[in-house]
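# Report on the structure
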Amino acid sequence: MAKMYFRYGAMNSGKTANLLMVADNYIKQGKRVLILKPAKDTRWEMVKSRAIAEALPAELVSDHQDLFELVKMRSLEEERNIDAVLVEEAQFLSAAQVRQLAVVVDRISIPVLCYGLRCSYIDGALFEGSAALMYWADTIEEIKNVCQYCKRKATKNLLRVNGIPQYKGSDVVMGDVDGEAKVVYTPVCRKHYLNPPERLKD
């Protein structure tokens with residue numbers, strides 16, 4: 001029976017590596033996968049991970065694209081049906097698109113596996129797509145990571161711009177975990193999200 005999965009974690013937790021491994025398993029079995037990625041992620045069109053050398057192409061989807069109609073259309077384009085839909089950066093989906101993917105599972109019986117962040121860097125905010133996935137997904141799984149500054153579990157994403165922690169702004173700010181970059185995300189626990197090392201007292 002097909003299900004909708006939401007696999008989430010903080011930055012650098014291996015979400016994309018997990019997606020690529022799942023895709024590779026399907027492909028090696030001769031099965032057809034459709035990989036989707038919101039066009040809001042402007043870093044690159046391919047799905048690639050620091051942990052895995054091989055990248056895979058993804059179909060970019062706009063904010064207002066109907067994902068049920070897209071999957072149904074792609075299913076009819078080849079003789080083989082789609083065996084799984086994999087979604088990278090699923091936090092950038094709209095709530096309506098998440099619901100459309102749930103309908104894909106229920107009407108077409110295709111499993112949908114969504115990978116993404118749960119929390120925005122904005123204080124107290126969930127991404128729209130993540131909140132919808134928490135509501136609609138049949139199975140919710142956390143891909144765990146450790147805080148950059150201690151041994152606690154990383155549950156938040158701390159954004160620094162030119163070294164300064166940010167807690168307000170646009171919900172889409174492209175950055176990476178490279179410490180040399182001007183826009184840097186760091187996986188952290190709640191304590192170090194609220195009190196980054198630069199703010200800690202001696």
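Structure first, text after, so check above.
A few points on the structure. On a predicted model such as this, the values are computed, not experimentally measured, just so you know. (Residues numbered from 1 in each chain as written. Predicted model: local features only at pLDDT ≥ 70, side-chain atom pairs only at ≥ 80, totals over all residues. Heavy atoms only, no water.)

## Topic: the sheet that holds strand β7 (residues 112–116)
As summarised here, the arrangement of the six strands in space is β5-β2-β6-β7-β1-β8, forming an open sheet in which the pairing is parallel. Where the open sheet ends on each side, the last strands, each with one partner, are β5 (59–61) and β8 (139–142). Each adjacent strand pair in this sheet contributes to an overall mean axis angle of 20°, direction not counted. As defined by bridge partners, strand β2 (residues 33–38) adjoins strand β6 (residues 84–87) across four bridges and the pair is classed as parallel. Following the sheet pairing, Leu36 is matched in β6 by Val87. Seen against the sheet, helix α1 (residues 15–28) touches β1 (4–8), β2, β6 and β7 and runs at an angle of roughly 155° to β7. (Pairing = 2+ DSSP bridges. Helix = DSSP H or I, 4+ residues; strand = E, 2+ residues; numbered from the N terminus. Axes fitted to C-alpha atoms, helices over the stretch in contact; angles between N-to-C directions. Contact = heavy atoms within 4.5 Å.)

## A short note on the packing of helix α2 (residues 67–77) against helix α3 (residues 95–108)
Two quantities define a packed helix pair, namely the angle between the helix axes and the distance between the axes. Interaxial distance between α2 and α3 falls to 7 Å at its minimum, and their mutual angle equals 40°. In terms of orientation, α2 and α3 fall into the oblique class. When α2 is examined against α3, the residues Leu67, Phe68, Val71 and Lys72 are found in contact with a partner set consisting of Gln97, Gln100, Leu101, Val103, Val104, Arg107 and Ile108. (Parallel < 35°, antiparallel > 145°, perpendicular 65-115°, else oblique.)

## With respect to the side chain of Ser94
As for its position among the elements, Ser94 is in the loop between β6 and α3. For Ser94, a relative accessible area of 18% puts it in the buried group. Aside from chain neighbours lying at most four places away, what touches Ser94 is Asp63 and Glu128. (Buried < 20%, exposed > 50% of the residue type's maximum accessible area, 1.4 Å probe, protein only.)

## Points about the pairing of β6
Where burial is concerned, the two faces of β6 agree: the one with Ala84 and Leu86 and the one with Val85 and Val87 are both buried. Sheet analysis places β6 next to β7, joined by three bridges and oriented parallel. Bridge pairing in β7 places Leu86 opposite Leu113.

## Overview of the environment of Ser120
Note that Ser120 resides in the loop between β7 and α4 (128–136). Beyond its immediate chain neighbours, meaning those up to four positions away, Ser120 contacts Ala125, Leu126 and Phe127. Within the structure, Ser120 has its side chain in polar contact with the backbone nitrogen of Ile122 (distance 3.0 Å). (Polar contact = N/O pair within 3.5 Å; in protein donor to acceptor, adjacent residues only side chain to side chain.)

## Here we look at α2
In an α-helix, one full turn covers 3.6 residues, which means residues spaced three or four apart are oriented alike. Considered for burial, the residues of α2 that qualify are Leu67, Phe68, Leu70, Val71, Arg74 and Ser75. Along the axis of α2, the buried residues cluster in a sector spanning 165°; they form a single face. Those residues of α2 that are buried lie in contact with β2, β5, β6 and α3. By the N-cap criterion, in which a side-chain oxygen at the helix start approaches the backbone nitrogen of a residue two or three places on, α2 is capped by Asp66, the distance to Phe68 being 3.0 Å. (Arc of directions from axis to C-beta.)

## What to know about the nonpolar core
Of all hydrophobic cores here, the largest spans 28 residues; its most connected members are Met4, Val85, Val87, Leu93, Leu101, Val112 and Cys114. Those elements giving two or more residues to this core turn out to be β1, β2, α2, β6, α3, β7 and α4. With six residues, α3 is the largest single contributor of residues to this core. With residues near it in sequence (within four places) discarded, Val112 still touches Lys3, Met4, Tyr5, Val85, Val87, Leu101, Val104 and Val105. Counting residues in each nonpolar core, the second largest holds 15 residues, with Ala58, Leu86, Leu113 and Tyr115 among its members. (Core = buried A, V, L, I, M, F, W, Y, C linked by side-chain atoms within 4.5 Å.)

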